[in-house]
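# Fold and geometry: a report
What follows is each chain in one-letter form.
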Amino acid sequence: MRRFAALPLLLLGLLVTAGAGRAAPAPEAPASALPESLRTAAASLRDEAVRGTRAFEIVRSLTVEVGPRPAGSPADRRAVAWGVRTMRELGFANVRAEAVQVPHWEPGAAAGEITAPWPQPMVLLPLGGSAGTPEGGIEAGVVEFSSLDELEKADPAKVRGQIVFLNKRMERARDGSGYGATVPGRGRGAAVAGKLGAVALLLRSVGTDHNRTPHTGAMRYEEGGPRIPAAALSNPDADLLEAQLASGQPVRFHLSLGSRRLPDEESANVIGEIPGREKPEEIVLLGCHLDSWFPGTGAVDDGAGCAIMMEAARRIGALPQKPRRTIRVVLYANEELGLSGARAYAQVHAAELPQHVLAGESDFGSGRVWRVSSRVAPEALPLVDQIAALLAPLGVAERGGNDAEGGADLIPMAPARVPVISLGQDGIEYFDWHHTANDTLDKIDPKDMDQNVAAWAAVAFAAAEMPGDFGRAPEGEGRE
Ligand SMILES: [Zn+2]
């Protein structure tokens, strides 16, 4: 019952009759315009946030009091407790931790060195989910590939018994598009190399910096396939290995990883709400992920996103009148090693998903918002234009397409066609720190966070207050 405008009157009458007996109120039709009073209220939320918010204080608290919080670790449980406590302190209603089973993987100690032709120690980290090496490590010759595609076509005779070095550089870009071009090598490199008979994978870090800080991140083995150890070299270390290989002399490498998989653990999605005054069953979801990788304190990934969303919702909740619909903030469990929290949420809340009128996620650090994209019913696009216009005074000048994924944690809700608005952030520096020991609080500019809060507060308020809704999103997952 979402596209009244397009239906003949007779059919409309039938639908209204048919809908009258339903238990749950039907979603509204896409609206054509935001009322003037709504735009004024959203603009004042926006302008007040620019003057200063609590977002930096929230991410400071998470990084100082919890720090690194990989899924399943003791710190992950402390992060859940932090989330519940902090949401209560911020005045959220219905604060709860919804249990989620998560994998538990320990990085262990990692060491590596080139042993020939010119011995040198190397700086590396295990990839998330990697198997460890046998006691004492492994030593083998190194064969280099410039891309996953090239590795997939390799002659097994060249690879068997060797360590594969996957040497693809990530390009720096404001929208982070270099990540998508390199990250498949991290995810699948070890599975592909293992099938060809390799004994280990060394990956040039998926990152844009020139620091000696390797970038970890998730990798996966194939079911029943070989499980060879996999590690990321920092960019300068990858340069060094590349230079020794360029000599044409045989290069040998010794790798030792203490990584191991432990039994699954319980974690939780932490949820808090600003209940709607008229349609509490209709939900505007603001998401982020609570877990982080082990080397840094998870300030930019994704402490910043959680602080932005919590503060945006808190400011709406502090208005004299609550919006018509409910705003629900979800701090997802284990995004990094397999979207456990997002999958559990989509399952547990399956019956509610048709009444999720909008979802958004902040998971790209704290850089300023510069673009608005969406995945909504096409007839609701004029509304997205009007919301985007509300953000123009924040320097948000660009409109993206209507095929936004919106964030990894929103992917499991895509089959329910939950509409998405995605606020593209400036990621020019994000991949200098992403998944490294340098993901720390000092990388965050509080004013940039305030700009993000201002943008999300305006978007969430408009979605929760407006007459009508965004219809349902087109089929498909969309892209970032
Ligand atoms: Zn993240």
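Below is a short write-up of the structure. As the structure is a computational prediction, the values presented were derived from the model and not from experiment.

### Here we look at the coordination of the zinc ion
For the zinc ion, every protein donor is listed as His289 (NE2), Asp301 (OD), Asp363 (OD) and Asp363 (OD), and the spread of their distances is 1.9 to 2.8 Å. Classification of the site at the zinc ion as irregular follows from its 4 donor atoms and the range of 51 to 144° in their angles at the metal. Here the donor residues of the zinc ion are spaced in sequence according to H-x11-D-x61-D. Here Asp301 is found in helix H9 (residues 299–317), whereas its partner Asp363 is found in the loop between strand E13 (356–361) and strand E14 (369–375), with 62 residues between them in sequence. The exposure class of Asp363 is buried, given its relative accessible area of 19%.

### Here's the deal with helix H3 (residues 55–65)
For an α-helix, 3.6 residues make a turn, and residues three or four places apart therefore share a direction. Among the residues of H3, Ala55, Ile58, Val59, Ser61, Leu62 and Thr63 are the ones counted as buried. Its buried side turned inward, H3 meets helix H4 (74–89), H9 and helix H13 (446–465). Just downstream of H3 lies Gly67, where phi reads positive at about 80°.

### Looking at the packing of helix H2 (residues 36–50) against H13
Close contact between H2 and H13 brings their axes to 8 Å; oriented N to C, the two are set at 160°. The angle between H2 and H13 falls in the class roughly antiparallel. In the crossing of H2 with H13, the sense of the turn from one axis to the other is right-handed. Between H2 and H13, the residues in contact are Leu38, Ala41, Ala42, Leu45, Arg46, Ala49 and Val50 and Lys447, Asp450, Val453, Ala454, Ala457, Ala458, Phe461, Ala462 and Glu465, respectively. Among the residues making up the contact of H2 with H13, the classes are represented as 12 nonpolar, no polar and 4 charged.

### Quick look at the pairing of strand E11 (residues 279–289)
Most of E11 sits out of view: 9 of its 11 residues are buried. Where E11 lies against strand E12 (residues 325–332), 8 bridges are found, and the strand directions are parallel. Within the sheet, the bridge partner assigned to Gly287 lies in E12 and is Val330. Following the backbone out of E11, through H9 and into the adjacent parallel E12, one traces a crossover that is right-handed. Pairing of E11 with E13 involves 5 bridges; the strand directions are parallel.

### What to know about the pairing of strand E6 (residues 163–166)
Within a regular strand, the side chains alternate between the two sheet faces. Alternating residues of E6 divide into Ile163 and Phe165 and Val164 and Leu166, and every residue in both groups is buried. As paired elements, strand E5 (residues 138–145) and E6 share 4 bridges and run parallel to each other. Paired with Glu144 across the two strands is Phe165, which belongs to E6. Judged from the 4 bridges that link them, E6 and strand E7 (residues 200–204) form a sheet pairing that is parallel. Note on E7: the bridge partner recorded for Phe165 is Leu202. After leaving E6, the chain enters helix H7 (residues 177–195) and then returns to the sheet as E7, a path that is right-handed.

Rules of the game
- Residues numbered from 1 in each chain as written.
- Predicted model: local features only at pLDDT ≥ 70, side-chain atom pairs only at ≥ 80, totals over all residues.
- Heavy atoms only, no water.
- Donors = N, O, S within 2.8 Å, 3.2 Å for Na, K, Ca; no water.
- Tetrahedral: all angles 85-135°; square planar, octahedral: opposite > 155°, others 65-115°.
- Helix = DSSP H or I, 4+ residues; strand = E, 2+ residues; numbered from the N terminus.
- Buried < 20%, exposed > 50% of the residue type's maximum accessible area, 1.4 Å probe, protein only.
- Contact = heavy atoms within 4.5 Å.
- Axes fitted to C-alpha atoms, helices over the stretch in contact; angles between N-to-C directions.
- Parallel < 35°, antiparallel > 145°, perpendicular 65-115°, else oblique.
- Left-handed = near helix turned anticlockwise from the far one by under 90°.
- Nonpolar A, V, L, I, M, F, W, Y, C, P; charged D, E, K, R; others polar.
- Pairing = 2+ DSSP bridges.
- Right-handed = clockwise from strand over helix to strand, strands pointing away.

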